[in-house]
Amino acid sequence: MRFTPLLFSTGLCAAALIPRQDKSNSCENPEKRYIDSVLCLRTKPSGIGLNSTLYDDFPFVHASLNDVIHSVAMFLPWHRYFVHVYHDALKECGYTGPMAYWDWTLDTADVPKSAIWDPDTGFGGNGDSNRVEPTPRNGDRLCVSDGPLRDVRPSYIQTDYDPHCFSRNWNNGTAFPGDMISSAYTTEAVATVHASADYPTFRHDLESGPHGAIHSAVGGDLGPSSSPNGPEATLEDVMPFNKLAGDIKVSEVMTTQNALLCCTY
């Protein structure tokens, strides 16, 4: 996990750069502050009327809108605003740093050894074959047994209430963990997506390529859910958020450098 500087403003999106911070002191460790804020979401009640926590609101809304937000043109703008709403929730838990993201291309030489899986400064490692829970669907769930999420129990599988251990099952489709489908998100693979001639091609190739590969390769609670193809979106189409946030037009998130989002990578 790499905490990369973003730009934030107090009004007109022209503010000062938030610098990278030294993580040698755990009290000043940006990764730790980020993860602590994620865990804090589990101490707050649902904001959408569920009998669970604010942490659970995000996967529940994401799953409940699955057919609307995947394999459709609004896939990217919807998720852009979803991340913004999530960042705002982290701020309510005291987080003051930039939103974090994982640059997959930097780890493709050996994805299982990525720093993102570090039990102390990252999100913990793979599911543990010695710590399993049965599932009502197929086989056993491999519970993560190290790192900050080892005791987390998400409340939902898609939209079904099903409290369970937080799980991962690294794979490449045939081997465990294999190369975790790393060829799909190398620098060259991502560059090919970026070179797409039009938006429909770009959206499709990104969603079904690097994005889909990461979901499948990490497995467990990051496993993908299927959804049908849907219609193209216009800038005036309204993106639903099911009370997680107010609904918003596609046009309002087509740039990150506005008063609403106000950030840059």
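In this text, all values refer to a predicted model and were calculated from it rather than measured experimentally.

A. Representation of the state of the cysteines within the structure. Taken as a whole, this structure holds two disulfides when the rule is applied. Between the sulfur of cysteine 40 and that of cysteine 93 lies a disulfide, 2.1 Å long from S to S. Disulfide cysteine 40 to cysteine 93: torsion about the S-S bond roughly -80°, handedness left-handed. Pair noted here: cysteine 40 is in helix 1 (residues 30-40) and cysteine 93 is in the loop between helix 4 (75-92) and strand 1 (127-134), with a separation of 53 residues, a long-range link. Take cysteine 40 and cysteine 93: they sit in the same class, and that class is buried.

B. Quick peek at helix 2 (residues 54-64). When we look at burial in helix 2, the residues that qualify are Leu54, Tyr55, Asp56, Asp57, Phe58, Phe60 and Val61. Taken together, the buried residues of helix 2 touch helix 1, helix 4 and strand 3 (156-157).

C. Spatial organisation of the pairing of strand 1. Here strand 1 pairs with strand 2 (residues 140-144) via four bridges, running antiparallel. Bridge assignment links valine 132 to a residue of strand 2, and that residue is leucine 142. Hairpin geometry of strand 1 and strand 2 is characterised by an intervening segment of five residues between the two adjacent antiparallel strands and by a positive phi of about 65° at glycine 139.

D. Main features of the packing of aromatic side chains. Summed over all chains, the structure comprises twelve aromatic pairs. On the numbers, 4.7 Å between centres and 5° between planes, the contact of tryptophan 78 with phenylalanine 241 is stacked. A residue pair is termed long-range when its members are at least 10 positions apart, and tryptophan 78 in helix 4 and phenylalanine 241 in the loop between strand 5 (238-239) and strand 6 (248-249) qualify at 163 residues. Just as tryptophan 78 is buried, phenylalanine 241 falls in that class too.

E. View of unusual backbone geometry. Between phenylalanine 176 and proline 177 the backbone carries a cis peptide bond, its omega angle lying at 5°. The phi angle at methionine 180 is positive, at roughly 55°, despite the residue not being glycine. Residue placement: methionine 180 occurs in the loop between strand 4 (160-161) and helix 5 (187-194). Take methionine 180: its relative accessible area is 1%, and that puts it in the buried class. Even without a glycine there, the phi angle at asparagine 242 is positive, about 45°. If you trace the backbone, asparagine 242 turns up in the loop between strand 5 and strand 6. Assessed through its relative accessible area of 36%, asparagine 242 is described here as partly exposed.

F. Structural view of the pattern of salt bridges. Counted by the stated rule, this structure contains nine salt bridges. Lysine 32 is paired through a salt bridge with aspartate 36; the nearest N and O atoms lie 2.8 Å apart. Taken together, the residues span about one helical turn, with lysine 32 and aspartate 36 both in helix 1 at a distance of four residues. The class for lysine 32 is partly exposed, based on a relative accessible area of 39%. Given the relative accessible area of 37%, aspartate 36 is considered partly exposed. Through salt bridges with shared partners, one network takes in Glu133, Arg141, Arg153 and Asp162.

How each quantity is defined
- Residues numbered from 1 in each chain as written.
- Predicted model: local features only at pLDDT ≥ 70, side-chain atom pairs only at ≥ 80, totals over all residues.
- Heavy atoms only, no water.
- Disulfide = S-S within 2.5 Å.
- Helix = DSSP H or I, 4+ residues; strand = E, 2+ residues; numbered from the N terminus.
- Buried < 20%, exposed > 50% of the residue type's maximum accessible area, 1.4 Å probe, protein only.
- Contact = heavy atoms within 4.5 Å.
- Pairing = 2+ DSSP bridges.
- Phe/Tyr/Trp six-rings, centres within 6.5 Å; stacked < 30°, edge-to-face > 60°.
- Salt bridge = Lys/Arg side-chain N within 4 Å of Asp/Glu carboxyl O.

In short, shape yes, function no, at least from these values alone.
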